[in-house]
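Below are the chains, spelled out letter by letter.
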Amino acid sequence: MNSFFTLFNILILIAISYWLSFDFSKIFGTLLTIVGAISSLYFFIFRQHKMMLMKSIKSINDLIIKNNEKFIDSMLHDVSEAKGKIELEKDRKKVSLYLTFIKVEIDNFPCGGPITSVFKTTNFVKDIKKSLNNHYSDYHEAITFDTVIENPSMNIDSKEKDLIIDKAIHSSKKISSELEKQLKINF
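A few points about the overall build of the chain
Then comes step 1: Scanning the chain from terminus to terminus reveals 5 helices and 0 strands.
Then comes step 2: Moving toward the C terminus, one meets the helices and strands of the chain in the order α-α-α-α-α.
Then comes step 3: Per-residue burial for the chain yields a buried fraction of 28% across its 187 residues.
Then comes step 4: Restricting the contact set of the chain to residue pairs at least 6 apart, pairs at least 24 apart contribute 75%.
Then comes step 5: Counting only carbon and sulfur atoms, one obtains 64% of the accessible surface of the chain, whose full area is about 12,800 Å².

Shown next as structure tokens:
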């Protein structure tokens, strides 16, 4: 039994001598360097992600502005003339195209890059998408439902046109404000 305790004590002394022979300043320096590199990489990715989200918001806002301009132009065309019908058809196609682009940008909003696409299934991203899709469907409905975009031969009086235009612009502002709110809250 004595030999066992002696062997055990020798092993403890060997372990302590190895422990004291380590240069902890090198180990601590190495660990600090690794932590610094990882945190720098994290902040770089976070900044890039926020920059990409800001570019996405700017892109969506620009598309909304262009779409609103074309929508207003299409509402103001005189369809009794041949030139007005041709211009209306061009504007209808552009509005439809801009609506498609806006939808694609909104679908890719919180997770647009390869790094952040991992987070597409998280609950807060799903909540953001749900909220944005609700605002987009209101906007889409305001532009297409009972307007010349849906039916080019529709006759709308000027007061009704003003109300439709105001509703579309108000719906587009909701999308922009929701995007900026999500950027401030979550990112």
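Following the structure, the description resumes.
Quick notes on helix α4 (residues 123-144)
Then comes step 1: Given a rise of 1.5 Å per residue, 22 residues ought to cover 32 Å, and the 31 Å separating the end C-alpha atoms of α4 matches this to within 8%.
Then comes step 2: Restricting attention to buried positions, one finds in α4 the residues V125, I128, S131, L132, H135, Y136, Y139, A142, I143 and T144.

Examining the nonpolar core
Then comes step 1: Counting residues in hydrophobic clusters, the biggest one holds 29 residues, and the most contacted among them are F71, I143 and I175.
Then comes step 2: When contributions to this core are tallied by element, the ones reaching two or more residues are α2 (24-76), α3 (82-107), α4 and α5 (158-186).
Then comes step 3: The leading source of residues in this core is α2, at 7 residues.
Then comes step 4: Ignoring any residue separated from it by four or fewer positions in sequence, one finds I175 in contact with I60, I64, I106, L132, H135, Y136 and Y139.

Here we look at α3
Then comes step 1: End to end, α3 covers 38 Å across 26 residues, agreeing with the expected 38 Å (1.5 Å per residue, within 8%).
Then comes step 2: The set of residues buried in α3 consists of G84, L88, D91, R92, V95, Y98, L99, I102 and I106.

A look at the packing of aromatic side chains
Then comes step 1: Applying the stated criterion to the full structure yields 2 aromatic pairs.
Then comes step 2: Taking the centre distance of 5.5 Å and the plane angle of 65° together, the rings of Y42 and F43 count as edge-to-face.
Then comes step 3: Y42 gets classed as exposed once you look at its relative accessible area, which sits at 53%.
Then comes step 4: On the basis of an interplanar angle of 20° and a centroid distance of 6.4 Å, the ring pair of Y42 and F46 is categorised as stacked. Here Y42 and its partner F46 are both found in helix α2, 4 residues apart, which amounts to about one turn of the helix.

Some details on unusual backbone geometry
Then comes step 1: The backbone of D146 shows a phi angle near 55°, a positive value even though the residue is not glycine.
Then comes step 2: In this fold, D146 is placed in the loop between α4 and α5.

Considering the pattern of salt bridges
Then comes step 1: Throughout the structure, instances matching the rule amount to 6 salt bridges.
Then comes step 2: Residue E87 pairs with K90 through a salt bridge whose shortest N-O separation is 3.9 Å. Here E87 pairs with K90, and both are found in helix α3, just 3 residues apart, close to one helical turn.
Then comes step 3: Look at E87 and you get partly exposed, because its relative accessible area is 28%.

Thresholds applied
Residues numbered from 1 in each chain as written. Predicted model: local features only at pLDDT ≥ 70, side-chain atom pairs only at ≥ 80, totals over all residues. Heavy atoms only, no water. Helix = DSSP H or I, 4+ residues; strand = E, 2+ residues; numbered from the N terminus. Buried < 20%, exposed > 50% of the residue type's maximum accessible area, 1.4 Å probe, protein only. Contact = heavy atoms within 4.5 Å. Areas by Shrake-Rupley, 256 points an atom, 1.4 Å probe, with all protein chains shown as cover. Expected span 1.5 Å × (residues − 1). Core = buried A, V, L, I, M, F, W, Y, C linked by side-chain atoms within 4.5 Å. Phe/Tyr/Trp six-rings, centres within 6.5 Å; stacked < 30°, edge-to-face > 60°. Salt bridge = Lys/Arg side-chain N within 4 Å of Asp/Glu carboxyl O.

These figures come from the coordinates and say nothing about function on their own.
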